[in-house]
Amino acid sequence: MSDPASGIVAEGAAEPLLSVRGLTVGFAGRGGVVPAVRGIDFDVMANEVLCIVGESGSGKSVTALALNGLLPATARMSGTIRLGQTRIDTAGEEALRAVRGREIGMIFQDPATTLNPLMVVGEQVTEGEVVRGDLARTDAPARAVELLEEVEIADAAGRAGQYPHQFSGGMRQRAVIAMAMAGRPRLIVADEPTTALDVTVQAQVLALLARRQAETGAAVILITHDLGVVAEVADRVAVMYAGRIVEIGPVDAIFANPRHPYTAALLQSIPRVDAADRRLDTIPGQPPLPGAFPSGCAFHPRCALGSARPRCAADDPALHPVGGTAAACHFAEETAPPRLPADPRQSREIAGATEAPLLSIENLEVHFPIRKGLLKRTVGHVRAVDGVSLVVRAGETVSIVGESGCGKTTTARAVMGLVKATAGTIEFEGDDITHKSSAALRAVRQRMQYVFQDPFSALNPVKPVEEIVAEPLRIHGLYDEVGGKQRIAELFDLVGLSKTMFGRYPREFSGGQKQRIGIARALGLAPRLLVLDEPVAALDVSIQAQILNLLEDLQNELGLAYLFIAHNLSVVRHISDRVAVMYLGRIVEESVKDDLYEGALHPYTQSLLSAAPVPDPTRRADRRRIVLAGEIPNPAAPPPGCSFHPRCGRASAVCSRDDPRKARFGDTRTLVACHHAGPLGEPVGQVAAGGVR
Amino acid sequence: MRGGARILRELVRRKGALLSLAFLAVLVLLAVFAVALGFDPVKQNILHSLEAPSRAYWFGTDELGRDILSRVVYGARTSLMTAGGAVVLAGVIGVPMGLVAGFFGGWRDAVLMRAVDVLLALPAILFALALIAVFGRSQGAAMLAVGITGIPGFARIVRAQVLSLRQRDFVVAVEAFGGSSGYSMFRTILPNSWNQILVQVVVLCSIAILLEAALAFLGVGVPPPTPSWGEMLRTGKSYLHEAPYYAILPGLALTLTILSFDTIGRSLTAILENEDAAVTRAEGVAS
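These figures come from a predicted structure and were not determined experimentally.

Calculation criteria
Residues numbered from 1 in each chain as written. Chains lettered and ligands numbered in written order. Predicted model: local features only at pLDDT ≥ 70, side-chain atom pairs only at ≥ 80, totals over all residues. Helix = DSSP H or I, 4+ residues; strand = E, 2+ residues; numbered from the N terminus. Buried ≥ 20, exposed ≤ 12 C-beta atoms within 10 Å, placed from the backbone. Contact = placed C-beta atoms within 7 Å. Pairing = 2+ DSSP bridges. Axes fitted to C-alpha atoms, helices over the stretch in contact; angles between N-to-C directions. Parallel < 35°, antiparallel > 145°, perpendicular 65-115°, else oblique. Left-handed = near helix turned anticlockwise from the far one by under 90°. Core = buried A, V, L, I, M, F, W, Y, C linked by C-beta atoms within 7 Å. Nonpolar A, V, L, I, M, F, W, Y, C, P; charged D, E, K, R; others polar. pLDDT = per-residue confidence, 0-100. Domains from an automatic or database assignment.

A. Highlighting the overall build of chain A. On a plain count of helices and strands, chain A comes out with 22 helices and 24 strands. Principal-axis analysis of the C-alpha atoms places the extent of chain A at approximately 75 × 65 × 55 Å. Expressed as a percentage of the 693 residues in chain A, the buried residues total 52%. The contacts of chain A with a sequence gap of at least 6 include a subset with a gap of at least 24, amounting to 70%.

Listed below in structure tokens is the structure:
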């Protein structure tokens, strides 16, 4: 075991609150024990935020469960976990119950499943204290209101009596935080607490977590895959890979001067909202899954430093101090410092406005009827898309960005004819396709293809991948015409897959490979437009970079136009030529990428950009963050006037009355729909609703 | 089919299912090669009536001196053919009904599912008696009765499957690259439903065999002299004291057959549930 003083501990620290030594967790399966966590050591001090980052299969979530004694029965654990004077690893069920809630609070990823749907929220947040006997049942209702007020839930007294389904996602996560904090635990373990939330809500929840942590002095272990979140909140960072901590150290040192090649490569592979003009450096290959960890240093097959060195394949390096951090690498001294910007990205000339657009959407509306009662009467409409106009020219990338429920996916599906447009027109290659029959659409669909968000469900599980890629060609009767198997091999090659994989089934592929297969399938018919619906949202960070680069290469090679749907602002900045921001079924701002990111004019865009976490801890202090109040309203009953006005800092009387039209702002290239549009910082009205932090 | 081999492997790992498969395999082989193996169910030897099992007659003889083993083997033919015919009939009608109802929804769904409800309200045995009253005693009538009452099972299972698959991206994908409704239904959704259909096939087999036996026991099944397990039970019960084997052995054959089908059905359900869970886990880990 490595020396505990070697950077595993925070500097100048007294007695650690939590101390983990040699933690090993495996899962018993048919072929023996599959290792998930392989000997990790770390300490957490009181009042400290330790972030554990890693990709799928790195063992970060298993570590979180182990800390709380929540591992399933098939788990085999060894090593010590000490919380103050209590040994968690050897504690019995009885002792663990005393520790949970009082000493350790747990916050899970998905607030929708953490809360009991049949119990009112107020009762749930105090349930732990009542069960443990810390709170009299008669005092519980008052305490519940107090707890909900502490996590800034408006009208806490009224909300306490409601059920979880009456809460929005962000409010549920607040309630979960209230529940975890109720016993004033000394340690909070949060496993991806904001992954299921939108970026503006994520900003609210992270701010709340930070405030509550400061108020209670608790230590926080935050588990995440999002390096932006890490840079925002962490004091120290532990990077996990293949069940081990490969690097641990203070957040500034990790980001400024990473010593492990994996950390360095990870930082290089993420698109950043503040810098886009570089090509992403990818990490080759896939993150390994438990049961298939490589020998020696588990990272060596993907490592730029170690891939050719026999020592890396033979010895697993121990964590040792290097520079400002501790890294588990034989050649940590050689790790190159992160360079930004890296290779400049090929910039494309955007075709002039004179050219006829490839795709032109005019006042598109998609309303879904809400039916109720025995006779299925229509009682209202969900205005999923409510007047969207957008143009995509040949060879360019136009992104639609927005939070969940803003209508971006519905817009994409309407373009593909997968949902019926209620009003408006969609023209493709100058041809109105809005109301074409599905037979007539078939021809159009040869030149317009769709790539799905979730590569796991987009491929037919009972077909071999060769057949999956060939399917569109067969449907259109073009398979033999375009060269049959030969063409499929070309397509595989185009997306970086080998034709030796032809006979395999989707389940044998990783997420990134499946997404490549999905892209190959879409390219088969040689389309001119690809509609990409969150194509990288379900992928690990290192894989995300591979797919983004692939999309860029394909665009340069084949002259494709992309309509790119995403919620991740960094990804959008990286890939787009033009960006449209959607809110509640409408485009509120649209501009050339850099204009939008550098000088957003709509208050919603500004808050969205300010809420996006930047993976750079040095920027933490001077970030000006506009935390939006509340959440996206129900699209079945949008607010009158400008639908953003209830959350807007600049709203005035006119905003609740008149719906602003989208118009060019001054002599800029930006179209914006706001009565008070203007750059941030200009005294246009007062910033009230959320306040500036 | 991709999953076929794997599911068979999983089945064989389970002791109960393995025994059941072996029993059914032997039964099917006997039934298929009954003639070649020299079984003769109708040859009478009145001098040797109601004999106990012996070296010459392994299962003993009946009141006309016919070999009970031969009659049990030929009875298996009757049972398996009735079951096979009924399953094919129910599947050929029920599966497309479920596909269309689930895929298109709306009025087609309403009409087809009400028809299914009507069929579901018919008690199989009464329906069979009515059919036999109209068409007379025949193997066809039993087959038809079981087949028709088996339609709702297939229609409902396939419809449920369609409804859940229809939302999946790979089905939407087929539509997005221009596949027709027929292509979606029969080339995309159906191949993903075989497992559930297989379970229903096994379940219906056991129901069909039982119903065929019940009809024969009531004396309205396959007309004599064709042997049937139910028919043998019916005559055998009159000789329970003199020749207990007469009724017990065909009864045992019937019981074991149904037990085997049910065991396989239960194992299949468990295997498929495990697989679903494994897929969900894999997706969870990777996302």
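B. Highlighting the overall build of chain B. In terms of regular secondary structure, chain B is built from 11 helices and zero strands. Ordering the α and β elements of chain B from the N terminus gives α-α-α-α-α-α-α-α-α-α-α. Projecting the C-alpha coordinates of chain B onto the three principal axes gives extents of approximately 75 × 45 × 30 Å. Within chain B, the proportion of its 287 residues that are buried is 44%.

C. Focus on the sheet that holds strand 1 (residues 18–29) of chain A. All names here are of chain A. If you trace the four strands from one edge of the open sheet to the other, you get 2-1-4-5, paired in antiparallel fashion. Edge positions in the open sheet fall to strand 2 (32–44) and strand 5 (86–87), since each of these has one partner strand only. With eight bridges joining them, strand 1 and strand 4 (residues 75–83) adopt antiparallel strand pairing. Pairing of V25 across the sheet is with M77, part of strand 4.

D. Seen up close, the packing of helix 15 (residues 465–475) of chain A against helix 17 (residues 511–523) of chain A. Residue and element names in this part refer to chain A. The geometry of helix 15 relative to helix 17 is characterised by a closest axis approach of 7 Å and an angle of 30° between their N-to-C directions. Taken together, helix 15 and helix 17 sit at an angle that is classed as roughly parallel. Between helix 15 and helix 17 lies a crossing of right-handed hand. Taking contact as the criterion, the partners of V465, I468, V469, E471 and P472 in helix 15 are, on helix 17, I517, A520 and R521.

E. Quick peek at the nonpolar core. L187 and L563 of chain A are the most contacted members of the largest nonpolar core, which totals 279 residues. Ranked by residue count, the leading element in this core is helix 3 (residues 68–104) of chain B, at 16 residues. Setting aside its immediate chain neighbours within four residues, L563 of chain A contacts L359, V392, V398, A412, V415, L529, V531 and L532 of chain A.

F. Focus on the packing of helix 4 (residues 121–132) of chain A against helix 7 (residues 169–181) of chain A. Residue and element names in this part refer to chain A. Viewed as axis vectors pointing N to C, helix 4 and helix 7 meet at an angle of 25°, and their least axial separation amounts to 7 Å. By the criterion of interaxial angle, the relationship of helix 4 to helix 7 is roughly parallel. Considering the relative orientation of helix 4 and helix 7, their crossing is right-handed. Within the contact between the two elements, helix 4 uses V121, Q124, V125 and G128 and helix 7 uses A175, A178 and M179. The class makeup of the residues in the contact of helix 4 with helix 7 is five nonpolar, two polar and no charged.

G. Quick peek at the confidence of the model for chain A. All names here are of chain A. Per-residue confidence for chain A averages 83 on the pLDDT scale, and 92% of its residues sit at or above 70. The low-confidence segment residues 1–7, where pLDDT is below 50, has 18 contacts with residues more than four positions distant or belonging to other chains. This model gives residues 682–693 a pLDDT under 50, and the stretch forms 26 contacts once residues within four places in sequence are excluded.

H. Here's a closer look at the domain arrangement of chain A. Residue and element names in this part refer to chain A. When its domains are assigned, chain A resolves into domain 1 (1–103 + 217–344), domain 2 (359–583) and domain 3 (594–672). Computed from C-alpha coordinates alone, the two centres of domain 2 and domain 3 are separated by 27 Å. Across the contact, 15 residues belong to domain 2 and 14 residues belong to domain 3. Contributions of two or more residues to the side of domain 2 that touches domain 3 are made by strand 14 (377–392), helix 19 (569–575) and strand 21 (578–583). Top element by residues in the side of domain 2 that touches domain 3 is strand 14. It accounts for five residues. A class-by-class count of the residues in the side of domain 2 that touches domain 3 yields eight nonpolar, four polar and three charged.

I. Broad picture of the interface of chain A and chain B. With 25 residues of chain A in contact, the opposing surface of chain B contributes 19 residues. Listing elements by their share of the side of chain A that touches chain B, those giving two or more residues are helix 14 (438–445), strand 18 (448–451) and helix 15 of chain A. By residue class, the composition of the side of chain A that touches chain B is 14 nonpolar, eight polar and three charged.

J. Representation of the pairing of strand 7 (residues 187–191) of chain A within the structure. All names here are of chain A. Within strand 7, five of the five residues are buried, which leaves it mostly tucked inside the rest of the structure. Burial of the side chains of strand 7 extends over both faces: L187, V189 and D191 are buried on one face and I188 and A190 on the other. The sheet contact formed by strand 6 (residues 104–107) and strand 7 spans four bridges and is parallel. Each bridged residue has a counterpart across the sheet, and for G105 the counterpart in strand 7 is I188. The pairing of strand 7 with strand 8 (residues 219–224) spans five bridges and is parallel.

K. Expanded view of helix 13 (residues 408–415) of chain A. Of all the eight residues making up helix 13 of chain A, eight are buried; the element is thus mostly covered by neighbouring parts of the structure. Of the residues flanking the end of helix 13 of chain A, it is G417 of chain A, one or two places downstream, whose phi is positive at about 75°.

L. Focus on unusual backbone geometry. Residues and elements named next belong to chain A. If you check the backbone angles, A242 has positive phi at about 50° while not being a glycine. A242 sits in the buried class, given 26 other C-beta atoms within 10 Å. Of note, N363 is a non-glycine position whose phi angle comes to about 50°, a positive value. If you trace the backbone, N363 turns up in strand 13 (residues 359–372).

M. Structural view of the sheet that holds strand 15 (residues 397–401) of chain A. Residue and element names in this part refer to chain A. Spatially, eight strands are ordered 18-19-20-15-21-22-24-23 in an open sheet, and the strand pairing comes out mixed. The open sheet has two free edges, formed respectively by strand 18 and strand 23 (663–664), since each of these has just one partner strand. Those strands touched by helix 13 are strand 15, strand 19 (529–533), strand 20 (561–566) and strand 21, and its axis lies near 150° from that of strand 20.

N. Expanded view of the environment of T269 of chain B. All names here are of chain B. Along the chain, T269 falls in helix 11 (residues 244–286). Residue T269 is classed as partly exposed on the basis of its 15 C-beta neighbours within 10 Å. Distance from T269 to L240, taken between C-alpha atoms, is 39 Å for residues 29 residues apart in sequence.

O. Seen up close, helix 21 (residues 603–611) of chain A. All names here are of chain A. The buried fraction of helix 21 is high, at nine of nine residues. Taken together, the buried positions of helix 21 are P603, Y604, T605, Q606, S607, L608, L609, S610 and A611. Of the surrounding secondary structure, the elements contacted by the buried residues of helix 21 are helix 8 (199–216), helix 19, strand 21, strand 22 (586–592) and helix 20 (593–598).

P. Examining the confidence of the model for chain B more closely. All names here are of chain B. In the predicted model, chain B carries a mean pLDDT of 83, and the fraction of residues at 70 or more is 95%. For the stretch residues 282–287, pLDDT sits under 50, and the model shows seven contacts to residues farther than four places along the chain or on other chains. Complex prediction metrics read pTM 0.80 and ipTM 0.74.

Q. Representation of the environment of I468 of chain A. Residues and elements named next belong to chain A. Assignment of secondary structure puts I468 in helix 15. For I468, a count of 24 C-beta atoms within 10 Å translates into the label buried. Between the alpha carbons of I468 and D43 there is a distance of 49 Å; along the sequence they are 425 residues apart. Leaving out residues up to four positions away in the same chain, I468 has contacts with L459, N460, K463, I517 and R521.

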